[in-house]
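The lines below spell out each chain.
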Amino acid sequence: MMEPFKTLTSKVVVLSQANIDTDQIIPARFLTTTTRDGLGDQAFYDWRYEADGSRKPEAILNRIDPAEHRILLGGPNFACGSSREHAPWALLDYGFRVVISTEIADIFTSNALKNGLLPIVVSQQVWDDLAQHQDQPVTIDLENNRIQRGNAEPVAFKVDAFARQCLIDGVDTLGWLLARDENISAFEATRNDPQPEIAR
């Protein structure tokens, strides 16, 4: 089960660098784990920690409260690079629930949606507006597919319909199927499955 997502109001964290890849989000040396627990500590590890493991005080992700900053505003071509499910795991475990960019890698988008992280692609104009008002809380309304910043005009966004419903319900693909087990079993019971005739 995932945390249901209907609306989220939060401040944004801006990481404006272009081409932030999955190896920057979660370095390869941390990929041996098969659980997401604790991966938030390794998120953007090389940006946040010195070689000896001490925290870099200037790193923005070390200076904010993740509970108040659940929206990541990333630069163009966000999460490019290798396909690793650990990238959305690390972002979620750190505290993020939404990633917004002008361009987000397709594989990361798929992995994110399956794990409860909402990726949103916006225009450069919308991105600039959010970056310029990053201290203002932003509301992500998934039920109505819109972004609301203060009194500004709401901005519509697109998301795959099935993934959207899973996020709203707080289930992954398997959970969605299991919730419909009775209907699936009833349908299967009505099917005739005769053995195919052997061609003569």
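Residues numbered from 1 in each chain as written. Predicted model: local features only at pLDDT ≥ 70, side-chain atom pairs only at ≥ 80, totals over all residues. Heavy atoms only, no water.

S.K.: Quick one: what's the story with helix α6 (residues 161–169), residue by residue and with numbers?
M.R.: Among the residues making up α6, those that are buried are Ala163, Cys166, Leu167 and Ile168. Looking at where α6 begins, the residue whose side-chain oxygen comes 3.2 Å from the main-chain nitrogen of Phe162 is Asp160. Where α6 ends, the next residue or the one after it, Gly170, has phi of about 75°, a positive value. (Buried < 20%, exposed > 50% of the residue type's maximum accessible area, 1.4 Å probe, protein only. Helix = DSSP H or I, 4+ residues; strand = E, 2+ residues; numbered from the N terminus. Polar contact = N/O pair within 3.5 Å; in protein donor to acceptor, adjacent residues only side chain to side chain.)

S.K.: For the nonpolar core, give the residues involved together with the corresponding values.
M.R.: Phe78, Leu91 and Phe108 are the most contacted members of the largest nonpolar core, which has 29 residues in total. Within the residue set of this core, elements represented by two or more residues are β2 (12–15), α3 (86–94) and α4 (106–115). The element that contributes the greatest number of residues to this core is α3, accounting for six residues. Ignoring sequence-local partners within four residues, the contact set of Phe78 consists of Ile20, Ile25, Leu72, Leu91, Val99, Ser101, Glu103, Ile104, Ala105 and Phe108. Val12, Leu118, Val122 and Leu142 belong to the second largest nonpolar core, which has 25 residues in total. (Core = buried A, V, L, I, M, F, W, Y, C linked by side-chain atoms within 4.5 Å. Contact = heavy atoms within 4.5 Å.)

S.K.: Which residues make up the sheet that holds strand β8 (residues 155–156), and what values do they have?
M.R.: Pairing within the open sheet is antiparallel, and its four strands lie in the order β1-β6-β7-β8. Of all strands in the sheet, those with a lone pairing partner are β1 (7–10) and β8, marking the two edges. Across four bridges, the pairing between strand β6 (residues 138–141) and strand β7 (residues 146–149) is antiparallel. Bridge pairing links Val138 to Arg149 in β7. (Pairing = 2+ DSSP bridges.)

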